[in-house]
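# Geometric and topological summary
Given next are the chains, with one letter for each unit.
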Amino acid sequence: MFALSGPGWAADGAGLPQIRDDLTEKDRTRVQRVVRPTGNFQSPERFERMQGGAGTSTKLVNRDALSQFNANLSFEQEETFNLGNALFRKLWVSSPSSTLASDGLGPLFNARACQSCHIKDGRGHPPEGAADATSMFLRLARPARTDEERKALEDFVVASLPDPVYGGQLQDLAVPGLKAEGRMVIAYEEQPVELADGTVVSLRRPDYSVADLGYGPMDTETTLSPRMTPQMIGMGLIEAIHPADLLAHADPDDRDGDGVSGRVAMARDPATGKLAIGRFGWKAQNATVRQQTADAFAGDIGIATPDNPAGHGDCTPHQAECLAFPTGEQADLGQTEAPDPVLELVTFYSQNLAVPARRLVDDGPVLAGKQTFYTLGCTSCHVPKFVTSRRAATEAHRFQLIWPYSDFLLHDMGEGLADGQQVGSASGREWRTPPLWGTGLTEIVNDHTFFLHDGRARNLTEAILWHGGEAQNARDGFAGLDKTERDNLLKFLESL
């Protein structure tokens, strides 16, 4: 599972390089040695603190800890980053408006700005008490019914099929004069889980529905899948991981018999039209940061970009009222509401949010927790480190030793986390392994400790106990630890 080269995996990665073609043989040997899992837990590994490579942020730990730019950017790139940051925070308004460069919102939408969902560039939250649902929404998808729809999915022309009336996601906000689509409703059922030492942990199992539907009933086969916005750091570095290194960790047939059978997700890159490895999104449905950014503009804010030029966002033919509203396209500013300078700048910003430096890397309990993390087999999916490609598009991302603690592959996480929704390569039980860097800063940055795709886990203990499927053995191992061992493991995760 840790070789830097390996056999092809049929449809998973067909046509992609199976070895690091950006490296000399000498460099391949060197990289293989560097990324090999450690067996020494008495002291930190070399460069472990700098988990984002040379771009790691060493700024003070505070609410802005996830909002710093990569430390190895040039002065000119810092300016580009700051321009992208301004657009990331920009509040869009409905059309027509006197602020011609800022109109085009919706007409249906979930937020008015990127920052509204990605709060302080960190994690979103489920609706809790008086909190709204801005940083969490429902994805809508249904099964294919025709040969044409099945082929579109098989060829990755589309990642999923939208609800005929409500589109690809539920928009709970609308411009003045238009009805919103509906309101997400969550009902939690508490279920106790007893650990080996007698400790009882209560997990909350969510049930999702929609109230106040504004445009009639949904399709009876449409599934609802919640999505909490993930943190933004390190995305350009993830994009810079060589495809061969991701393929090397894939083991769809579980040939090594460890019970873990991760698969690469495939996605069609809109910029090239070619298939590439999906790396972004909860189900790895997007291949690039630009693709992820364009999809968010369209679905979350209702803003058209060159990569997704629909001026009415997620409005469907069954929502005639929505389609009758004006768009914000201005011929003298560009062909879409957010023309290429806007999309390019927000993409650059998203690619260059720095990973913060690790904390307490030489702390005794943290090192003990790290050893437990390895012993339980957590690193089978949460792969500690990679060395990025020498051919990365941005020089600051090239040949960097990074510590994301993810293989970025799809894994069956069991029935407990299943959403029953196919997205791209991912089945209704599969999720992309999320990177763990920045985990310990969630409470500092976002004032909460909600985890998993829908925030059902109120802390890291609950998040681990929800693991099933391929992660069942690791989850059961965690449940079997004594309190000191569990606490040390949590301290390790909080140091990331």
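Look up a bit, the structure's there.
Residues numbered from 1 in each chain as written. Predicted model: local features only at pLDDT ≥ 70, side-chain atom pairs only at ≥ 80, totals over all residues. Heavy atoms only, no water.

## Remarks on the pairing of strand β7 (residues 265–268)
For a regular strand, side chains alternate in direction, first toward one face of the sheet and then toward the other. When β7 meets strand β8 (residues 275–278), the two strands line up antiparallel, connected through four bridges. Counted as the bridge partner of R268 is L275 from β8. The hairpin turn running from β7 into β8, its antiparallel successor, is six residues long, and G273 in that turn takes a positive phi close to 80°. (Pairing = 2+ DSSP bridges. Helix = DSSP H or I, 4+ residues; strand = E, 2+ residues; numbered from the N terminus.)

## Re the pairing of strand β4 (residues 183–194)
Looking at chain direction, β4 and strand β5 (residues 200–211) are connected through twelve bridges and run antiparallel. Counted as the bridge partner of Q191 is L203 from β5.

## Some points on the packing of aromatic side chains
Given two aromatic rings, one states the distance between the centres and the angle between the planes to describe the pair. Applying the stated rule across the entire model yields ten aromatic pairs. Judged by centre distance (5.2 Å) and plane angle (55°), the ring pair of F373 and F492 falls under tilted. With F373 in helix α10 (residues 364–375) and F492 in helix α14 (residues 483–494), the pair connects residues that are 119 residues apart, well separated along the chain. F492 shares its class with F373; the two are buried. Among the aromatic residues, those joined into a cluster by ring pairs are F69, F81, F88 and Y349. Across from the ring centre of W431, 4.5 Å away, lies the NZ or CZ of K283, which sits over that ring. Lying over the aromatic face of W466, R456 brings its terminal NZ or CZ to 4.5 Å of the ring centre. (Phe/Tyr/Trp six-rings, centres within 6.5 Å; stacked < 30°, edge-to-face > 60°. Buried < 20%, exposed > 50% of the residue type's maximum accessible area, 1.4 Å probe, protein only. Lys NZ or Arg CZ within 6 Å of the ring centre and 35° of its normal.)

## A few points about the environment of P96
In this fold, P96 is placed in the loop between α2 (75–89) and β1 (108–109). Exposure remark for P96: the relative accessible area of 73% places this residue in the exposed category. It is 9.8 Å that separates the C-alpha atoms of P96 and E329, two residues lying 233 residues apart in sequence.

## A short note on the packing of helix α7 (residues 289–301) against helix α9 (residues 340–351)
The geometry of α7 relative to α9 is characterised by a closest axis approach of 9 Å and an angle of 120° between their N-to-C directions. The orientation of α7 relative to α9 falls into the category oblique. Of the two elements, α7 crosses α9, and the hand of that crossing is right-handed. Across from V289, R290, T293, A294 and F297 in α7, the residues of α9 making contact are D340, V342, L343, E344, V346, T347, S350 and Q351. (Axes fitted to C-alpha atoms, helices over the stretch in contact; angles between N-to-C directions. Parallel < 35°, antiparallel > 145°, perpendicular 65-115°, else oblique. Left-handed = near helix turned anticlockwise from the far one by under 90°. Contact = heavy atoms within 4.5 Å.)

## Let's talk about the nonpolar core
W92 and F297 are the most contacted members of the largest nonpolar core, which totals 67 residues. Sorting the residues of this core by element identifies α2, β1, β2 (136–141), β4, α5 (235–239), α6 (243–249), α7 and α9 as the ones contributing at least two each. Ranked by the residues each element gives to this core, the list is headed by α9, at six residues. Leaving out residues up to four positions away in the same chain, F297 has contacts with W92, C114, G302, I303, T305, V342, L343 and V346. Membership of the second largest hydrophobic core comes to 40 residues, among which are F41, L452, L460 and L490. (Core = buried A, V, L, I, M, F, W, Y, C linked by side-chain atoms within 4.5 Å.)

## Overview of unusual backbone geometry
Of the consecutive residues S95 and P96, the connecting peptide bond is found in the cis state with omega at -5°. Following G106, the chain continues into P107 via a peptide bond in cis, with omega recorded as 15°. For P107, the position within the fold is in the loop between α2 and β1. You will see that K120, though not glycine, has its phi angle at about 55°, which is positive. Looking at the secondary structure, you find K120 in the loop between α3 (114–117) and β2. You will see that F408, though not glycine, has its phi angle at about 60°, which is positive.

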